[in-house]
Amino acid sequence: MTIGIVGLGYVGLPLAVAFAEAGHEVIGVEVEQQRVAAVNQGSSHVEDVPSKRLRGVEDRLVATTAYSELERAEAILVCVPTPLSANREPELGPLVEGASALAKVLVPGQLVVLESTTYPGTTRERLRPILEESGLAAGRDFHLAFSPERVDPGRTDHTMRSTPKVVGGLTQACGDRAEALYRNICDEVVRVSTPEVAELSKLLENIFRSVNIALVNELAVLADRMHIDIWEVIDAAATKPFGFMRFDPGPGMGGHCLPVDPFYLSWRAREYDFVPEFIELAGKMNQAMPYVCVERIVRALNDAGKSVRGSRIALLGVAYKPGVGDTRESPALKILELLRDHGAEIVYHDPHVHELPQFELSGTDLDAALDGADLAVIVTAHPDLDLERVVREAPLVVDLRGVTRGIDAPSVVRL
Ligand SMILES: NC(=O)c1ccc[n+]([C@@H]2O[C@H](COP(=O)([O-])OP(=O)(O)OC[C@H]3O[C@@H](n4cnc5c(N)ncnc54)[C@H](O)[C@@H]3O)[C@@H](O)[C@H]2O)c1
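Residues numbered from 1 in each chain as written. Predicted model: local features only at pLDDT ≥ 70, side-chain atom pairs only at ≥ 80, totals over all residues. Heavy atoms only, no water.

Asks: What is the right way to look at the site of the ligand in this model?
Replies: Taken together, 28 residues sit near the ligand, with Val11, Glu30, Arg35, Tyr67 and Thr82 positioned nearest. Separating an oxygen atom of the ligand from a side-chain N or O atom of Glu30 is a distance of 2.5 Å. For the shell around the ligand, the per-class residue count stands at 14 nonpolar, seven polar and seven charged. (Near = heavy atom within 4 Å. Polar contact = N/O pair within 3.5 Å; in protein donor to acceptor, adjacent residues only side chain to side chain. Nonpolar A, V, L, I, M, F, W, Y, C, P; charged D, E, K, R; others polar.)

Asks: Looking at this model, I keep getting lost on the side chain of Asn206. Mind explaining?
Replies: Its place among the elements puts Asn206 in helix α7 (residues 195-225). Excluding residues within four positions of it along the chain, Asn206 makes contact with Thr117, Cys257, Leu258 and Asp261. (Helix = DSSP H or I, 4+ residues; strand = E, 2+ residues; numbered from the N terminus. Contact = heavy atoms within 4.5 Å.)

Asks: Just to check I follow, could you spell out the sheet that holds strand β10 (residues 345-349) for this structure?
Replies: Neighbouring strands of a sheet are bound in pairs by backbone hydrogen bonds; such pairs are parallel or else antiparallel. The sheet built from five strands is open, its strands ordered β10-β9-β13-β14-β15 with parallel pairing. Looking at strand neighbours, the two that pair on one side only are β10 and β15 (412-414), the edges of this open sheet. With strand direction ignored, the average angle separating the axes of adjacent strands in the sheet is 20°. Here strand β9 (residues 312-316) runs beside β10; their pairing, made up of five bridges, is parallel. Looking at the pairing, Leu315 lines up with Tyr348 of β10. Together, β9 and β10 form the strand contacts of helix α11 (residues 331-341), whose direction differs from that of β9 by roughly 175°. (Pairing = 2+ DSSP bridges. Axes fitted to C-alpha atoms, helices over the stretch in contact; angles between N-to-C directions.)

Asks: What exactly am I supposed to notice about the packing of helix α4 (residues 93-103) against helix α5 (residues 122-132) here?
Replies: Relative orientation and spacing of two packed helices are given, respectively, by the angle between their axes and the distance between those axes. Following both chains from N to C, one finds α4 and α5 inclined at 40°, their axes separated by 8 Å at the closest point. The pairing of α4 with α5 is recorded here as oblique in orientation. Contact residues: α4 offers Leu95, Val96, Ala99, Ser100, Leu102 and Ala103, while α5 offers Thr122, Arg126, Leu127, Ile130 and Leu131. Residue composition of the contact of α4 with α5, grouped by class: eight nonpolar, two polar and one charged. (Parallel < 35°, antiparallel > 145°, perpendicular 65-115°, else oblique.)

Asks: What is the right way to read the pattern of salt bridges from this model?
Replies: Side chains bearing opposite charge may pair, as long as their charged atoms lie close to each other. Taken as a whole, this structure holds 31 salt bridges when the rule is applied. Note that Lys321 is salt-bridged to Asp152, the shortest N-O span being 2.2 Å. Here Lys321 is found in the loop between β9 and α11, whereas its partner Asp152 is found in the loop between β6 (143-146) and β7 (165-169), with 169 residues between them in sequence. By relative accessible area, which is 15% here, Lys321 ends up buried. With relative accessibility at 28%, the residue Asp152 sits in the partly exposed group. For Asp248, the salt bridge identified is with Arg246, shortest N-O distance 2.9 Å. Three or more residues joined by partner-sharing salt bridges are found here, namely Asp152, Arg155, Asp157 and Lys321. (Salt bridge = Lys/Arg side-chain N within 4 Å of Asp/Glu carboxyl O. Buried < 20%, exposed > 50% of the residue type's maximum accessible area, 1.4 Å probe, protein only.)

Asks: Quick question: what am I supposed to make of the nonpolar core here?
Replies: Soluble globular proteins: nonpolar side chains tend toward being buried together. Formed by 39 residues in total, the largest nonpolar core has its most connected members in Tyr67, Leu70, Leu102, Val112, Leu131, Phe142 and Leu144. Breaking this core down by element, the ones donating at least two residues are β2 (25-29), β4 (75-78), α4, β5 (111-114), α5, β6, α7 and α9 (261-270). It is α4 that provides the largest number of residues to this core, a total of four residues. Every residue in contact with Leu102, bar those within four places of it in the chain, is listed here: Tyr67, Leu70, Ile76, Val78, Val112 and Leu131. Grouped together as the second largest cluster of nonpolar side chains are 38 residues, Val318, Ala319, Ala344 and Val398 included. (Core = buried A, V, L, I, M, F, W, Y, C linked by side-chain atoms within 4.5 Å.)

Asks: Explanation requested: the sheet that holds β4 in the structure shown.
Replies: The eight strands lie next to each other as β3-β2-β1-β4-β5-β6-β7-β8, forming an open sheet whose pairing is mixed. The open sheet has two edge strands, β3 (61-64) and β8 (189-192), and neither has a second partner. Pairwise comparison of adjacent strand axes, ignoring direction, gives a mean angle of 25° for this sheet. Those strands touched by α5 are β5 and β6, and its axis lies near 145° from that of β6.

Asks: Help me understand the pairing of β4, please; the structure alone is not making it clear to me.
Replies: Here is the key point about a regular strand: its side chains alternate between the two faces of the sheet. Residues of β4 alternate between two faces, with Ala75 and Leu77 on one and Ile76 and Val78 on the opposite face, all of them buried. When strand β1 (residues 2-6) meets β4, the two strands line up parallel, connected through four bridges. When the sheet's bridge partners are listed, Gly4 is paired in β4 with Ile76. Direction of pairing for β4 relative to β5: parallel, over a ladder of four bridges. Residue Ile76 lies in a different strand from β5, and its bridge partner there is Val112. As a crossover connection, the stretch from β4 through α4 into β5 is right-handed. (Right-handed = clockwise from strand over helix to strand, strands pointing away.)

Nothing here speaks to function; it is geometry throughout.
Laid out in structure tokens, this is it:
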């Protein structure tokens, strides 16, 4: 088969490589010229796809800015971004642009699948009419489905092949076609009756995480006031073999998904005179966490007889999660901004993030970060961080991830 992938980012590039590795020809359409050039030179910008893997499929994967190349694809998977606008409403600009360009080259018999996370109704009400501007009818002349991407950057225990893929077609035939396609790269395909079910299932997964993280963050703030160690509480609760799922507190949510996707649903819910309060409440609690963390840092310095102003603070990890270099919506950025506002001098160490241009900061190695620091903050627990050394060398450590449990030192404060 020839497969088209629209958008070669965190979602599109791994998919493109998976289909190419399964022996198919892949055409990746991407608006950013630099990305196109990098992919064609076998240089990957996505950690989960090492450049070596990309080079292994170079004869089957071609990137281009030209939508016209998609004419020869049997199936086209759309993986463009779905961010929020400045006033936190769905920003479907990239999807509308991509769909309009696709409509101009759509040919009868093709399958189009939307993979981008979005509110229920997008595939049927937004994507379908744009594609039908081609003069072709969805369900009759071409097939249309929604299948949410479940990639979790940095995760190695579950792969694209071992993670079940949910598929909802506009018609039975659309679903059959999409199911057959994904069977090439996934062991299990989960059929649902409509695109809307598939769209909402993805949002449920993300909202579930957001709400549970918010709950445990709220308890962490309360436990601190009660002088109870929240980590010990969670460890104890997690021994229950049923009816409990572990979530850990932290500095807040980051990445492209959790801080964004739930608000796609709350926006859509307004049309139904409905306010999904769990979503809003979870968002509020998680957004407050960087402020809670800064307060903890201020307190730790105060207890040591120091003020934030003039202190040198080393932030360890600025990516939004361990093992990746993605800083989108990372709570570390808010913490950095707040500490700078308080007059702290900030240095940071993150082997995955070399520059923070918005702060005019470059990362340093761990030695340079700890050298002369009054306090080190573990914001992101990258797997290669030498915790023993951090605790040994920094006069004060604030651990926002609970990773220093097991190291007994009076200089360590945990969230
Ligand atoms: N990153 C994740 O972990 C993850 C997980 C599951 C779902 N998703 C969802 O998948 C979608 C894509 O996310 P991502 O993280 O891959 O985003 P990304 O920003 O990494 O990649 C999107 C790519 O699409 C390109 N693009 C934008 N408009 C385009 C257009 N009109 N035509 C062609 N290319 C275009 C961008 O230049 C970019 O390279 C989003 O809806 C996101 O919510 C992301």
